[in-house]
Amino acid sequence: MSATTPTDDSSTHALGSRTSAPTSDSSVPAPPQPLEEFFVSDIAPTADQPGRSFSLETFAQDIASRSQSYGETLEAAEAVPNEERSEPDRLFLQSHQDLCRILEEKLIIAENATIAGHMPCKADAQIDYLLWMTRAVYLWSSLNLEKTRAALRTNVDHRQRIEAVVEWIGHEIFCTLRELEQELPRPDEADEYENVGPEHDTTAIGVIVPWPELTDEQHDMRRETGRVDLALDDHDRDHRMRCTICMDEYSSDDLPLRLNACAHIIGQACLSVWLNGTEVQANTCPYCRTRLCDRRERRPKPMAPEREQKIQKLVSFLGKLGKTFGKVQGIVRWSFGGDEEEVRRYGREMLVKVNSSCEQWGIGLRVATQYVAT
Ligand SMILES: [Zn+2]
Ligand SMILES: [Zn+2]
């Protein structure tokens, strides 16, 4: 790339064309627009050119202070042989070359990132190039915003790049929403609870039945139901024979506990688990549902940390995509004018795309409305 042709790619018109930029009334330059934060940037010295740095703001001030346009200044400076060139013109040419170099570098980075295809890197790289392109055209237009916009509005490459980035961001938002939906609890998913406070003590609601007493009870039970036609199962299901919860015979591991409230016998170990469970009926007798004690206080179980972390990561990624889109809007605003309609158009188009994808894939409306900024 030479200093006189800001870009070799004729489709991009990095700094406009030499023939179109200068105007006859440029001897009285319009006061420069305030340099918004968007516009100000310093480029640190690079390895191949140590000691040289480029300040956009300084270059802009230089351009604003001249009575000729960027193109006229450039032409005049280049017409003078190196050794005869004035110091201000020498600095101007150097800044011009720096700007061309930066544009070229940003373009290569953007194209390589696009080929690599990773989001959000490729969007960031394109945005960086678009930003520098906008800045360069603004400088080339001698800080005249109207001329900047006139040049960029008709620049097909500039518009296509913006549209591509908007499309990528929209697609990425949709993919992130899909992933998020996998992680979020579903509306029909039952809430998981955990108990709060100390465990219930089974000895407060019943007494252990001594073995001889239990044996007597079992003997009585056999006599009560001792008809020959009675199925053995009915004996076995009796609370005096075996624990109603685990259906095993009572043992030293599951001692028979007679409940004060209903006189049913239950394995103590099993009952302790039952009473301290989170089921709605956990405070009742498993045999007859008589209320045994107060229900333990419950609270919704907190989400598993890994799951919560993943959700947070996805949500913050959505936030990052939102910020990236904000940058695109900034470029659109600078490029296409104070016409807010244009800025909104890109936002609307992206939302419509995201929404239709969500609809197509059946992503819950709650996810979309919760996380897509409008
Ligand atoms: Zn049991
Ligand atoms: Zn009972």
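Residues numbered from 1 in each chain as written. Chains lettered and ligands numbered in written order. Predicted model: local features only at pLDDT ≥ 70, side-chain atom pairs only at ≥ 80, totals over all residues.

A. Highlighting the overall build of the chain. Helix and strand counts for the chain stand at 12 helices and seven strands. The burial tally for the chain puts 27% of its 374 residues in the buried class. Long-range pairs, those at least 24 residues apart, make up 65% of the contacts in the chain between residues at least 6 apart in sequence. (Helix = DSSP H or I, 4+ residues; strand = E, 2+ residues; numbered from the N terminus. Buried ≥ 20, exposed ≤ 12 C-beta atoms within 10 Å, placed from the backbone. Contact = placed C-beta atoms within 7 Å.)

B. Structural view of the nonpolar core. Grouped together as the largest cluster of nonpolar side chains are 50 residues, with contacts concentrated most on A136, L139, V165, I169, V328 and I331. When residues in this core are grouped by element, the largest group, 13 residues, is from helix α4 (residues 121–140). Residue contributions to this core reach at least three from each of two domains, namely domain 1 (1–146) and domain 2 (155–187 + 320–374). L255, C270, L271 and W274 belong to the second largest nonpolar core, which has 13 residues in total. (Core = buried A, V, L, I, M, F, W, Y, C linked by C-beta atoms within 7 Å. Domains from an automatic or database assignment.)

C. Representation of the environment of C121 in the model. The topology assignment puts C121 in helix α4. The exposure class assigned to C121 is partly exposed, which follows from the 14 C-beta atoms found within 10 Å. Counting along the chain gives 11 residues from C121 to A110, while the straight-line C-alpha distance between them is 9.0 Å.

D. Seen up close, the sheet that holds strand β5 (residues 256–259). If you trace the three strands from one edge of the open sheet to the other, you get β4-β5-β6, paired in antiparallel fashion. Of all the strands in the sheet, just β4 (206–208) and β6 (265–267) have a single pairing partner and so form its edges. Between one strand and the next, the sheet's axes are offset by a mean angle of 35°, whatever the strand orientation. Where β4 and β5 come together, three bridges link them in antiparallel fashion. Within β5, the position partnered with V207 by the bridge is R258. (Pairing = 2+ DSSP bridges. Axes fitted to C-alpha atoms, helices over the stretch in contact; angles between N-to-C directions.)

E. Up close: the packing of helix α6 (residues 156–183) against helix α10 (residues 305–336). Two numbers describe how α6 lies on α10: the axes approach to 10 Å, and their chain directions differ by 165°. For the element pair α6 / α10, the angle class is roughly antiparallel. Where α6 crosses over α10, the handedness of that crossing is left-handed. By residue class, the composition of the contact of α6 with α10 is 15 nonpolar, four polar and five charged. (Parallel < 35°, antiparallel > 145°, perpendicular 65-115°, else oblique. Left-handed = near helix turned anticlockwise from the far one by under 90°. Nonpolar A, V, L, I, M, F, W, Y, C, P; charged D, E, K, R; others polar.)

F. Summary view of the packing of α6 against helix α11 (residues 340–361). α11 packs onto α6 with a crossing angle of 35° between their chain directions and a minimal axis gap of 9 Å. By crossing handedness, the relation of α6 to α11 is classed as right-handed. Of the residues in α11, those in contact with V166, I169, G170, I173, F174, L177 and R178 of α6 are Y346, E349, M350, K353, V354, S357, C358 and W361. Of the residues contributing to the contact of α6 with α11, the split by class is 10 nonpolar, two polar and three charged.

G. Structural context of unusual backbone geometry. Of note, the bond from M119 into P120 is cis; its omega dihedral lies within 30 degrees of zero at 0°. Among the structural elements, P120 can be located in the loop between α3 (87–116) and α4. Non-glycine residue L143 carries a positive phi angle of around 65°. Topologically, L143 is positioned in the loop between α4 and α5 (145–153). When the 21 C-beta atoms within 10 Å are taken as the criterion, L143 is described as buried. Even without a glycine there, the phi angle at M247 is positive, about 65°. Mapped onto the secondary structure, M247 falls in the loop between α8 (232–236) and β5. Residue classification places M247 among the exposed residues on the basis of 12 C-beta atoms within 10 Å.

H. Quick look at the confidence of the model for the chain. Across the chain, the average pLDDT comes to 80, with 78% of residues at 70 or higher. Per-residue pLDDT stays below 50 along residues 1–35; that stretch engages in 56 contacts with residues further than four places along the chain or on separate chains. (pLDDT = per-residue confidence, 0-100.)

I. α3, seen in detail. With 30 residues, α3 extends 43 Å from end C-alpha to end C-alpha; this agrees with the ideal 44 Å at 1.5 Å per step. Among the residues of α3, F92, H96, L99, C100, L103, L107, A110 and A113 are the ones counted as buried. Packing partners of the buried residues in α3 comprise β2 (54–55), α1 (56–65), α2 (70–79) and α4. Two residues or fewer past α3, G117 is found with a positive phi of approximately 80°. (Expected span 1.5 Å × (residues − 1).)

J. Looking closely at α11. For α11, spanning 22 residues, the distance from its first C-alpha to its last is 32 Å, which sits close to the expected 32 Å at 1.5 Å a residue. Within α11, burial applies to Y346, M350, V354 and C358. Here the buried residues of α11 occupy an arc of 105° about the axis, which is enough to place them on one side. Turned more than 90 degrees from where α11 packs its buried face, E340, E341, R344, R348, V352, S356, E359 and Q360 sit exposed. G362 occupies a position one or two residues after α11 and carries a positive phi of about 70°. (Arc of directions from axis to C-beta.)

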